[in-house]
Amino acid sequence: AEPGAELQVALVPSYACQRHTPLLHHNTVLTDALSILAENAELTDNEGRGVAFRRAAALLKSLPHEIRGMEQLKGLPCLGDHCLRVIKEVLEDGTCSEVETTRQSGQFTALKALTGIFGVGAKTADRWFREGIHTPSDLQRSGHTLNRAQQAGLQYYDDLNRPVTKAEADAIGRIVERAVSEVLPGAEITLIGGFRRGKNTGHDVDFLITHPDEGKEEGLMVKVVSWLEAQDFLLYQKTTRNSYLESKDGPARPPSNMDRFERCFSIFRLSTHNGVRMTETDPHSHFSVHPHDSHPTPQTCRTVDVLSREDSSEIGQPQSSHSQSWRAVRVDLVVSPYSQFSFALLGWTGSKLFERELRRWAVHEKAMTLSSHTLYDSKQRQYLRANSEEEIFALLGLEYVPPCGRNA
Ligand code: DCP
Ligand code: MG
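The numbering scheme is per chain: residues are counted from 1 as the chain's sequence reads. Both sets of labels track the order of writing: A upward for chains, 1 upward for ligands. Confidence filtering applies because this is a predicted model: local features only for residues at pLDDT of at least 70, side-chain atom pairs given and counted only at 80 or more, and all residues used for totals across whole chains, interfaces and linings. Only hydrogens and water are set aside when side-chain values are computed; all heavy atoms of the structure are taken into account.

A. Expanded view of the coordination of the magnesium ion (ligand 2). Note that water is not among the atoms used; donors are N, O and S atoms within 2.8 Å of the metal (3.2 Å for Na, K and Ca), so sites may look incomplete. Protein coordination at the magnesium ion (ligand 2) comes from Asp204 (OD) and Asp206 (OD), with a distance range of 2.0 to 2.2 Å. Residue exposure (1.4 Å probe, protein chains only): buried if accessible area is under 20% of the type maximum, exposed if over 50%, otherwise partly exposed. Under the relative-accessibility criterion, aspartate 204 is labelled buried at 6%.

B. Representation of the sheet that holds strand E8 (residues 368-370) within the structure. The antiparallel open sheet is built from 3 strands, whose spatial order is E8-E9-E10. The open sheet is flanked by E8 and strand E10 (382-384), the only strands paired with a single partner. In this sheet, neighbouring strand axes are inclined to one another by 25 degrees on average, regardless of whether the strands run parallel or antiparallel. By the convention used here, strands pair only if DSSP detects at least 2 bridges between them. Strands are runs of DSSP state E lasting at least two residues, helices are runs of H or I lasting at least four, and both sets are numbered from the N terminus onward. As defined by bridge partners, E8 adjoins strand E9 (residues 375-377) across 3 bridges and the pair is classed as antiparallel. Each residue of the ladder has a partner; that of leucine 370, found in E9, is leucine 375. A fitted line through C-alpha atoms serves as each axis, taken over the contacting stretch for helices, and the angle formed by two N-to-C directions is quoted from 0 to 180°.

C. Region of interest: the site of ligand 1. By nearness alone, 15 residues border ligand 1, and Gly194, Lys199, His203, Asp204 and Lys352 come closest of all. Side-chain atoms alone can form a polar contact between residues adjacent in sequence; in general such a contact is a pair of N or O atoms within 3.5 Å, and within protein one must be able to donate a hydrogen while the other accepts it. One nitrogen or oxygen atom from the side chain of arginine 197 is found 2.9 Å from an oxygen atom belonging to ligand 1. Residue lysine 199 places a side-chain N or O atom 2.8 Å away from an oxygen atom belonging to ligand 1. Per-residue and other accessible areas follow the Shrake-Rupley method at a 1.4 Å probe size, with only the shown protein chains counted as cover for residues. Look at ligand 1: alone it shows 550 Å² of surface, and the protein chains cover 79% of it. Domain borders in the structure are assigned automatically or taken from a domain database. Mapped onto the domain boundaries, the shell around ligand 1 takes at least three residues apiece from domain 3 (164-298 + 309-335) and domain 4 (349-405). Nearness here has a simple test: a residue counts as near a molecule or strand if at least one of its heavy atoms is within 4 Å of that partner.

D. A look at the side chain of glutamine 324. With respect to the helices and strands, the residue glutamine 324 is situated in the loop between helix H14 (303-308) and strand E7 (326-335). At a separation of 3.0 Å, a polar atom in the side chain of glutamine 324 contacts the main-chain carbonyl oxygen of tryptophan 326.

E. Main features of the nonpolar core. Ranked by size, the top nonpolar core spans 39 residues in total, and within it Leu34, Leu60 and Val86 carry the most contacts. Breaking this core down by element, the ones donating at least two residues are helix H2 (28-43), helix H3 (47-61), helix H4 (81-93), helix H6 (106-115) and helix H7 (122-130). With 7 residues, H2 is the single largest residue contributor to this core. Residues lining this core come from more than one domain, with at least three contributed by each of domain 1 (5-102) and domain 2 (109-145). Among the nonpolar cores identified, the runner-up in size contains 30 residues, and Val164, Val224, Val329 and Val331 belong to it. Joining through side-chain atoms within 4.5 Å is the link that ties buried Ala, Val, Leu, Ile, Met, Phe, Trp, Tyr and Cys residues into a set, and such a set is a nonpolar core.

F. The arrangement of the environment of glycine 106 in detail. Within the secondary structure, glycine 106 is located in helix H6. The partly exposed category is assigned to glycine 106, whose relative accessible area is 44%. For the pair glycine 106 and histidine 134, spaced 28 residues apart in sequence, the C-alpha to C-alpha distance is 8.1 Å.

G. View of unusual backbone geometry. Between glycine 350 and serine 351 the backbone carries a cis peptide bond, its omega angle lying at -5 degrees. Within the secondary structure, serine 351 is located in the loop between helix H15 (341-349) and helix H16 (352-366). One non-glycine residue, aspartate 45, adopts positive backbone phi at about 65 degrees. Topologically, aspartate 45 is positioned in the loop between H2 and H3. Owing to a relative accessible area of 62%, aspartate 45 belongs among the exposed residues under this scheme. Positive phi outside glycine occurs at aspartate 232, with the angle close to 70 degrees. With respect to the helices and strands, the residue aspartate 232 is situated in the loop between helix H13 (220-230) and strand E5 (234-240). What makes aspartate 232 buried here is its relative accessible area of 18%.

That's the geometry; what it means functionally is another story.
Written out as structure tokens, the structure is:
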């Protein structure tokens, strides 16, 4: 090792929110291995272990160099015995047996396939797995009663498991912009989630909507969704209203982090230009923001027919005809009051681990409670105001980390 390497390493701080974590980094072989174990832990109700693997992976992502030997890890935080064993094996053998066993295990592949259905969480997937349901096709044949989200999840399975490109995200953005400006002029929309962190693809597209005149944003989501539905842009939507104002938890019990904004979980029908499906390698395609007048699949769920068709084995069959001129895309819309915008922006930009680390830092190091609505100081017994993400970092005693550095 170079002289001074250990000293350098000793300075790596332990919270991910104290570090810059770029999208592209030097230790993907190691982080891929740890991510499999994290994913497996999350799928099997071991949240604590999942977080430990995620923290270790995030630490390695933040390092400015490739790890080639165990001696380079001396003094680094976030690396427990289990993680060190995995890293050692990968460094010595190129693979880790626990990771490979997990990757190939029937349980892991089944739970991944089942949670890949929109509307299906780890608990439901696990229950089905125990009943012998291992694939979306098994589920389709099982005759299980599915909720509306899960029906849509099965129906659009193929599309929803194909990564959304930045070009597609931008096309969705133009549609949302049009919808918002039609129903509330002056409203502002911001691309959040992974795309704001600079990712080239995502599993969905996330937008935050607000209006500079506080109060104007109330009821906005219903209007936006109505407009989108009238224009035939939505294949599925579930809107939850703002439950923040109604909750009188008070300062003693600050609101839980998520879910209190007006929020819409949706599936968009995104038209492809000239009816040609956009591929990731085709940078020249672009999308029409105008909905197609006719489309092959009726907007109402056809999953009932699909479920009763005994011999139907092809998932995504109802929507995967190759002549199709559109694709399904998961879109999340969030509406925030202007005064909470910075908190919402910070809370919805991610990554999930970065958010978790911010909240852990706030509680344990600052005696504060951070949510996507507010920051509460337990010592001063008051809410702290902020008009930008930079101000929130400053209030937390952290150096500012721009979105592209939050890929923990
Ligand atoms: N978020 C969070 N905790 C949750 C859900 C969301 O902190 N339980 C925040 C962080 C996420 C952001 O919301 O970055 C958007 O959620 P996504 O699940 O869409 O995550 P990403 O956009 O980061 O990933 P992807 O690119 O896969 O969509
Ligand atoms: Mg996202």
